[in-house]
Amino acid sequence: MPQEKTIFSIENSYRGRGLNDAEIQSRRKKYGMNEISEKRTGPVMGTLKRLWGPIPWLLEAAMIFELILGKGVQAGVVFLLLVFSAVTGEFQEERAKKAIVYLHGQLQINVRVLRNGTWQTLQSRELVPGDIVHARVGDIVPANMKIIGGIVSVNESVLTGESIDVTKKAGEIVCSASTVSHGEAITEVTATGAQSSYGKTAELVRTAEAPGRLQTLLFHIVRYLAYLDVVLAVILVIAALVYGTPWQELLPFLVVLIIATIPISMPSSFTVANSLEARNLAKEHVLVSGLTGIQEAAGMDVLLVDKTGTLTNNQPEIAGLLPFGNVGEPELLRLAAAASDDTSKDSISTAILRELRSRELTMPERTSFTAFDPVRKVSRARIVQNGILPNVELGSPAVVSGTAEIPADFMEQVDRLSSKGARVLAVASGEKEKLVCRGLVALADSPREGAKESVAKIRELGIRVLMVTGDTAGTAKAIAEQVGIGGRIGKLEDAQSHPLDFDGFANVYPEDKYKIVRALQETGMVVGMTGDGINDAPALKQADVGVAVSTATDVAKSAAKVVLTEPDLSDIAKVVDSGHRVYRRMMTWTITKLARTAELAALLTFGFIFTGFFPVSLSLIVFIVVMNDMVTLTLGTDKAWPTAVPEKWDMPQLARLSAVFTAGWLALGLGLLWFYRSVQNLGAAQISSLMFLYLIYSAMETILMTRTRGPFWSFAPSKWVGGMVAVNFILATLMAVFGWAMSAVSWQSITLLLVVTVAAMLLLDSLKRLYYRITGILGTERRPRE
């Protein structure tokens, strides 16, 4: 009942009538509902989008060209590959998103609103600018609101990162998503939905986007192979002119070369690899909503860590007690507790009372209590002590110093504690108005348990950890040193000019965190970002690897690519290890793609020059492309090993390694071609069958070699990779034996070919290991994992 009297008292004191129905309807038509609309793309549209882009365009052009030439079967194969890649990619992405759908539930907030002269309770989504709202203790502010009357203290930690309350009075704006911790006020709604502070942050999240490195990698691969294709095509055309070969016979082979060059299966392989790791991470309580976050984690150079709620508990604790005179710490704490509100959930009272209980002390008996007043900036109590009734005051040192007797070095002590990043309160007591300051209470947001160990574990992976916070430099320095990050704290200007000269940055606003992430990305670094609040969401979305911690808001979780469900920050190391495994799998894909495509193109070209005909028929080339892509799709499931340094896609280095395989297989292929034609005097049809077998065998053996840094038998492939390699070996062999889609060849010729390619595999594997030792690439191999 007392609460109802208070509510009616402040509501009845307001003489306005609020908006009428016509005004509400007009403003809702203009501003819409008080909510943030979320744009979702359905699976059909998502699949269609994957068919639109530079890589799909090349395939679509090749498909149309095949149809023009009357090659319907080949065009159909290209079409199926396109659709398969798009559908697989969309399916895997949607499955990953569904893993955290339950995290995106929206909280329905009810508010007291004055409309048509009557106070009523409505859902916050119905608010419009101009509505009169009664804000009370415990309310989550549903929109930007200007205070008309009253004073409140609000917690804006989800917006600013500051865990200490802020006082708001008449004429000031209370931002949406903050929480009222003390007081009450009559307010007027000034901005709703996307125009509120919450909404603008959400919109920044929507427009933020990390740079797409997969597309860049795809273009690098296409560029390298395109250079080779152009050179070989010129040579092929010259040779055709010499032999008098009609251009109509030459053109289909050139189209097939283009198709073989395009990395059709790479996006799907990446998706499969990321999805596998996402499933494994989910078992370890790490949820993945953005699959690209895993693959980018392998190359992460810098991890920006938000202080409040990530490194700290977002919960002020007693950092120190400084008694004056003959008062001890226990007595000072009891006096502070007497002036604390044990019915409120405000952070300061909670911290003091928690410390009182932890020391097994009891609160003095109170005869009266006045809760914290945002105007006077103190709380007061009268207690029973040794038969007398002294007054106790707890609050701002500046206010207490004006009402109580203080020691000579009072302000020096306050400044000393404040310089360590603590919020300082003064405690005074005495009879009647003769108050004496009994000491100071320092409060600070304490580091999370295990935060220091987590930082050390992440740094062991070669990742630079930088702290960003909206707090002061003193607070930032204190926390950064405690968790082992370092004490060099800079400003936004430092972060944008020379960020790696500092260990962290203070006084950073939400848009500043976003700017810091972009500034680091523009230097070529792969950037990770952790956070928990709405203020972190834009930076989480922009980062290559956005990580929302277990206590994060729904907005932060929606913006991040990775969500931790446990408070242990070191779980980020699991994501990084998963990224390394994805990198290894995709590195195998890249080397294999470069090597086998170059081998096929070169063998066709030089084979034509030496013999006057193509050593493999057009229809068998289509089989080769399809069978190779089927096995490379499974590479995303392969066993792989992580390393302790960030990975980099060094395409020139990978191209040189691919060239080793290409040169070796090409030399052997041309030697076999000479042997079959000049020694065994086989016809073109049988040569085509055997060269088809050779290209399949060598491609499968290249996959087995490139997946390990050591000997190819270092550890077995996954069941899917091993199974698909075996299927290709067996299927290609049976096709050659029984003459399916080709001319049949003898078992003796097949056996000899298999023995020769295995011997070449052993030699090339030795050259691979020598290359790794000379270049020092790929780091130290650790335990493989599926």
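Here the structure is a predicted model, which is why all the values come from computation and not from measurement. (Residues numbered from 1 in each chain as written. Predicted model: local features only at pLDDT ≥ 70, side-chain atom pairs only at ≥ 80, totals over all residues. Heavy atoms only, no water.)

A. Examining the overall build of the chain more closely. In terms of helices and strands, the chain carries 28 helices and 22 strands. Here the chain, with 786 residues, has 54% of them falling under the buried criterion. Taking all contacts inside the chain whose residues are at least 6 apart in sequence as the whole, residues at least 24 apart take part in 73%. Surface accessibility of the chain: about 33300 Å² in total, with carbon and sulfur atoms responsible for 59%. (Helix = DSSP H or I, 4+ residues; strand = E, 2+ residues; numbered from the N terminus. Buried < 20%, exposed > 50% of the residue type's maximum accessible area, 1.4 Å probe, protein only. Contact = heavy atoms within 4.5 Å. Areas by Shrake-Rupley, 256 points an atom, 1.4 Å probe, with all protein chains shown as cover.)

B. A look at the environment of K434. Locating K434 in the fold gives a position in the loop between β15 (423-430) and β16 (435-447). Along the sequence, K434 and E405 sit 29 residues apart, while their C-alpha atoms lie 8.0 Å from each other.

C. Structural view of the sheet that holds strand β21 (residues 545-548). Within the open sheet, the 8 strands sit side by side as β8-β22-β21-β20-β9-β17-β19-β18. Their pairing is mixed. One side of each edge strand has no neighbouring strand; the edge strands of this open sheet are β8 (286-288) and β18 (489-490). In the sheet, β21 pairs with strand β22 (residues 562-564) via 2 bridges, with the strands oriented parallel. Note on β22: the bridge partner recorded for A548 is V563. (Pairing = 2+ DSSP bridges.)

D. Broad picture of the packing of aromatic side chains. In total, this model carries 10 aromatic pairs according to the counting rule given. Seen from their ring centres, F324 and F410 are 6.3 Å apart, and the 70 degrees between their planes marks the pair as edge-to-face. In this pair, F324 is assigned in the loop between β10 (312-323) and α13 (329-338) and F410 in helix α16 (residues 410-418), connecting sequence segments 86 residues apart. Classification of F324 by relative accessible area gives buried; the value is 12%. In this structure an aromatic cluster arises from ring pairing among Y243, F608 and F614. Between the NZ or CZ atom of R366 and the centre of the ring of F369, over which it lies, the distance is 4.4 Å. (Phe/Tyr/Trp six-rings, centres within 6.5 Å; stacked < 30°, edge-to-face > 60°. Lys NZ or Arg CZ within 6 Å of the ring centre and 35° of its normal.)

E. Geometry of unusual backbone geometry. Of note in this structure, N116 is not a glycine but carries a positive phi near 55 degrees. Even without being glycine, H285 reaches a positive phi, approximately 65 degrees. Its place among the elements puts H285 in the loop between α10 (266-283) and β8.

F. Layout of helix α27 (residues 719-738). Counted at 1.5 Å a residue, the expected span for α27 with its 20 residues is 28 Å, and the 28 Å between its end C-alpha atoms agrees. Burial in α27 covers these residues: V721, M724, V725, N728, F729, A732, T733, M735, A736 and V737. At its buried positions, α27 is contacted by α24 (618-633), α26 (684-706) and α28 (747-775). G739, located one to two residues past α27, shows a positive phi value of around 70 degrees. (Expected span 1.5 Å × (residues − 1).)

G. Structural context of helix α17 (residues 451-459). Those residues of α17 not exposed but buried are A451, S454, V455 and I458. In an axial view of α17, the angular spread of the buried residues amounts to 100 degrees, which keeps them on one side of the axis. On its buried face, α17 is in contact with β9 (302-306), α12 (307-311), β17 (464-468) and α23 (572-611). (Arc of directions from axis to C-beta.)

H. View of the pattern of salt bridges. Taken as a whole and assessed by the stated rule, the structure comprises 19 salt bridges. One salt bridge connects E331 with R334, and the closest N-O pair in it is separated by 3.4 Å. Pair noted here: E331 and R334 are both in helix α13, with a separation of 3 residues, about one helical turn. Judged by relative accessible area, which is 25%, E331 ranks as partly exposed. The class for R334 is partly exposed, based on a relative accessible area of 22%. D765 is the salt-bridge partner of R769, the closest N and O atoms lying 2.9 Å from each other. Highlighted residues: R769 and D765, both in helix α28, separated by 4 residues, approximately one helical turn. (Salt bridge = Lys/Arg side-chain N within 4 Å of Asp/Glu carboxyl O.)

I. Main features of the pairing of β21. Of the two faces of β21, both are covered, the one formed by V545 and V547 as well as the one formed by G546 and A548. As paired elements, strand β20 (residues 527-531) and β21 share 4 bridges and run parallel to each other. Paired with G531 across the bridge in β21 is A548.

J. Focus on a nonpolar patch on the surface. Together, V230, V234, I238, V242 and Y243 give the surface a local cluster of nonpolar side chains, amounting to about 490 Å² of exposed area. With respect to the helices and strands, I238 occurs in helix α8 (residues 213-243). For I238, a relative accessible area of 48% gives the class partly exposed. (Patch = residues over 30% accessible without salt bridge, like charges linked within 9 Å, V, L, I, M, F, W, Y side chains within 5 Å.)

K. Representation of the nonpolar core in the model. The biggest cluster of nonpolar side chains holds 112 residues, and the ones touching the most others in it are W665, F692 and Y694. With 18 residues, α23 is the single largest residue contributor to this core. Not counting residues up to four positions away in its chain, the partners in contact with F692 are V616, L620, F623, I624, M627, A732, M735 and M742. Of all hydrophobic cores here, the second largest spans 26 residues; its members include L304, V468, M525 and V563. (Core = buried A, V, L, I, M, F, W, Y, C linked by side-chain atoms within 4.5 Å.)

L. Inspection of the confidence of the model for the chain at higher detail. Considering every residue of the chain, the mean pLDDT works out to 83; 87% of them sit at 70 or more. With pLDDT under 50 throughout, residues 99-107 is counted as low confidence; its partners more than four residues away or in other chains account for 16 contacts. Note on residues 780-786: pLDDT is under 50 here. Beyond four places in sequence and across chains, it has 34 contacts. (pLDDT = per-residue confidence, 0-100.)

M. Here's a closer look at the pairing of β16. Sheet topology places β10 next to β16; 8 bridges connect them, and they run antiparallel. Note that in β16 the partner of G320 across the bridge is A442. Pairing geometry for strand β14 (residues 404-405) and β16, over 2 bridges, is parallel. Along β16, the bridge assignment pairs E405 with V436. Sheet topology note: the β15/β16 ladder contains 7 bridges and is antiparallel. Along β16, the bridge assignment pairs S429 with V436. In textbook terms, the turn of a hairpin is the stretch between consecutive antiparallel strands, and for β15 and β16 this stretch comprises 4 residues, one of which, K432, has a positive phi near 50 degrees.

N. Expanded view of the environment of M630. Looking at the secondary structure, you find M630 in helix α24. Each C-alpha atom, one on M630 and one on N728, is 9.0 Å from the other, the two residues being 98 residues apart in sequence.

O. Expanded view of the packing of α24 against α27. Where α24 contacts α27, the axes come no closer than 9 Å and their chain directions differ by 160 degrees. Regarding the angle of α24 to α27, the classification is roughly antiparallel. For the pair α24 and α27, the crossing hand works out as right-handed. For the pair α24 and α27, contact is made by F623, M627, N628, M630 and V631 and by V721, M724, V725, N728, L731, A732 and M735, respectively. By residue class, the composition of the contact of α24 with α27 is 10 nonpolar, 2 polar and no charged. (Axes fitted to C-alpha atoms, helices over the stretch in contact; angles between N-to-C directions. Parallel < 35°, antiparallel > 145°, perpendicular 65-115°, else oblique. Left-handed = near helix turned anticlockwise from the far one by under 90°. Nonpolar A, V, L, I, M, F, W, Y, C, P; charged D, E, K, R; others polar.)

P. Examining the packing of α23 against helix α25 (residues 651-679) more closely. Direction vectors running N to C along α23 and α25 enclose 35 degrees, while the axes themselves pass 8 Å from each other. Considering only the axes of α23 and α25, their crossing is right-handed.

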